[in-house]
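Report on the structure
Each chain, letter by letter, is given below.
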Amino acid sequence: MLKAMLVGCGGMGTNWARILDARSDIKIIGLVDVEASASARLKERTGIDTASYTNFEQGLEELRPDVVLDTSIPETRRYIAGTAMEQGCHVLSEKPLACSVQEAKELVSIANSTGRTHAVMQNRRYLPGSQQVRELIESGEIGKLGMVCADFFIGAHFEGFRLLMDNVLLLDMAIHTFDQARYMTGLDCDSAFCREFNLPSSWYEGNASAICIFEMQGGVPFCYRGSWTAEGANTTWESSWRFVGDKGTVIWDGANPPYAEIVDSAQGFIRPTRRVLSDSKMDGPSGHPGCLNDMINALDSGEQPMTNSVDNAKSLGMVFAAIESAASGNTEPVLLNGLH
């Protein structure tokens, strides 16, 4: 039985608490939030009756948990995750891994030096559709991959810290799409070009729209178009995807099962195609429960979870390179070298 302390008792903390409370191999023994009322509301919503603190280090010292679950705001990630690992705890955290290149490097270094596991919530990897797209590409059905496109358009009227964040779309949301692209294609990113901006009706202080062109390994371009202030005709949260190979194309709208259309004849102005579906089946729960399941199973087995911080730094590096490119205004792409 793993003993866990949950830090951050807002909506996401409540979601994590409900998922983990249903498991028999982990128990939440404490809650931490700078606002005592937030911990009280989480207890009321979930029925979890446990100790609560407004001071993180006090809770850490008194409870001595095996695992710290970090669902706090991104600006506190370095402090909470770093302190927890230095005190001997494993850390399972919400995305992003960190809010800066330097902080991300420090957290990866601390995980390596302490031998603690630091895993990041990238729940999109644990969706049937994501895994089926990966299978369709790996199978060679569409041939050699030549182009990837993702569209994300949702008018998201948040309250709270997101309204004030710089680079809110890229740092708080696009990290999911960028990580999906790496996972589904099996390719890491070499360079990034980005234009970041706000639509005229934007209700965010920071830029909430962006167009990015990444060059993935092997010269494969990945085009991302996204906005958190696009009203009407919303995509899914998982984005709308197109993967173009030299034998066909994979399409996924983020909701329905993905499919491939494969060239079926060498004749015709527009070649006829046949449709192919993936027969890949999810092994275990999907989404947030799936990611948490992988994290906890990895702690039990002593292996690294798929979303460990060393791997996740490669996705976050895409975010930071895109932000740097947009801020510079240069037409030359920003090169990635590990975590940018």
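Residues numbered from 1 in each chain as written. Predicted model: local features only at pLDDT ≥ 70, side-chain atom pairs only at ≥ 80, totals over all residues. Heavy atoms only, no water.

Moving on to the packing of helix α4 (residues 77-86) against helix α5 (residues 101-114). Interaxial distance between α4 and α5 falls to 9 Å at its minimum, and their mutual angle equals 10°. Considered as vectors, α4 and α5 are oriented roughly parallel to each other. From α4, Arg 77, Arg 78, Ala 81, Gly 82, Met 85 and Glu 86 reach across to α5, where they touch Glu 103, Glu 106, Leu 107, Ile 110, Ala 111 and Thr 114. Residues that form the contact of α4 with α5 fall into these classes: five nonpolar, two polar and five charged. (Axes fitted to C-alpha atoms, helices over the stretch in contact; angles between N-to-C directions. Helix = DSSP H or I, 4+ residues; strand = E, 2+ residues; numbered from the N terminus. Parallel < 35°, antiparallel > 145°, perpendicular 65-115°, else oblique. Contact = heavy atoms within 4.5 Å. Nonpolar A, V, L, I, M, F, W, Y, C, P; charged D, E, K, R; others polar.)

Sheet architecture is open: nine strands sit in the order β14-β13-β12-β11-β7-β10-β9-β8-β15, paired in mixed fashion. Looking at strand neighbours, the two that pair on one side only are β14 (273-277) and β15 (334-335), the edges of this open sheet. Pairing geometry for strand β7 (residues 145-153) and strand β10 (residues 220-227), over six bridges, is parallel. Bridge pairing in β10 links Cys 149 to Cys 223. Contacts from helix α6 (residues 128-138) reach β11 (240-245), β12 (248-252), β13 (259-263) and β14, with the element oriented near 175° to β12. (Pairing = 2+ DSSP bridges.)

As a further point, take the packing of aromatic side chains. On inspection of all chains with the given rule, the structure shows eleven aromatic pairs. Pairing Phe 178 with Tyr 224 gives two aromatic rings, centres 5.2 Å apart and planes at 85°, and the pair type is edge-to-face. You can see Phe 178 sitting in helix α7 (residues 168-185) and its partner Tyr 224 sitting in strand β10, a full 46 residues away along the chain. The burial state of Phe 178 is the same as that of Tyr 224; both residues are buried. Pairing Phe 222 with Trp 241 gives two aromatic rings, centres 6.0 Å apart and planes at 10°, and the pair type is stacked. A residue pair is termed long-range when its members are at least 10 positions apart, and Phe 222 in strand β10 and Trp 241 in strand β11 qualify at 19 residues. Exposure remark for Trp 241: the relative accessible area of 2% places this residue in the buried category. Grouped by ring-pair contacts, the aromatic residues Phe 178, Phe 214, Phe 222, Tyr 224, Trp 241 and Phe 243 constitute a single cluster. The side chain of Arg 195 reaches across the aromatic face of Phe 197, ending 5.0 Å from its centre. The ring of Tyr 259 has Arg 275 sitting right over it, with the charged end atom 3.6 Å from the ring centre. (Phe/Tyr/Trp six-rings, centres within 6.5 Å; stacked < 30°, edge-to-face > 60°. Buried < 20%, exposed > 50% of the residue type's maximum accessible area, 1.4 Å probe, protein only. Lys NZ or Arg CZ within 6 Å of the ring centre and 35° of its normal.)

With that out of the way, let us pick up the packing of α7 against helix α9 (residues 309-328). One way to put it is that α7 packs onto α9 with a least axis distance of 9 Å and a crossing angle of 125°. By the criterion of interaxial angle, the relationship of α7 to α9 is oblique. For the pair α7 and α9, the sense of crossing is right-handed. Where α7 approaches α9, its residues Leu 170, Leu 171, Ile 175, Phe 178, Asp 179 and Arg 182 are matched on the opposing element by Asp 311, Asn 312, Lys 314, Ser 315, Leu 316, Met 318, Val 319, Phe 320, Ala 322 and Ile 323. Each residue belonging to the contact of α7 with α9 can be placed in one class, and the counts come to ten nonpolar, two polar and four charged. (Left-handed = near helix turned anticlockwise from the far one by under 90°.)

A few words now on the environment of Glu 324. In this structure, Glu 324 sits in helix α9. Taking relative accessible area as the criterion, Glu 324 reaches 39% and is therefore assigned partly exposed. For the pair Glu 324 and Ala 192, spaced 132 residues apart in sequence, the C-alpha separation works out to 9.0 Å.

Another point: the pairing of β12. Burial of β12 is extensive: four of the five residues sit out of reach of the surface. As defined by bridge partners, β11 adjoins β12 across four bridges and the pair is classed as antiparallel. By the bridge assignment for β12, Trp 241 is matched with Trp 252. Counted along the chain from β11 to the antiparallel partner β12, the turn is two residues long.

Taken together, the buried positions of helix α2 (residues 36-46) are Ala 38, Ser 39, Leu 42 and Thr 46. Axial view of α2: buried residues confined to an arc of 100°, hence all on one face. The outward face of α2, more than 90 degrees from its buried face, is lined by the exposed residues Ala 36 and Glu 44. At its buried positions, α2 is contacted by β1 (2-7), α1 (11-21), β2 (26-32) and β3 (51-53). Looking one or two residues past α2, Gly 47 carries a phi angle of roughly 80°, positive in sign. (Arc of directions from axis to C-beta.)

With that settled, consider the side chain of Arg 125. Along the chain, Arg 125 turns up in the loop between β6 (118-120) and α6. Overall, the relative accessible area of 4% leaves Arg 125 in the buried class. Not counting chain neighbours up to four residues away, the residues in contact with Arg 125 comprise Ser 130, Gln 131, Asp 179, Arg 182, Tyr 183, Met 306, Thr 307 and Asp 311.

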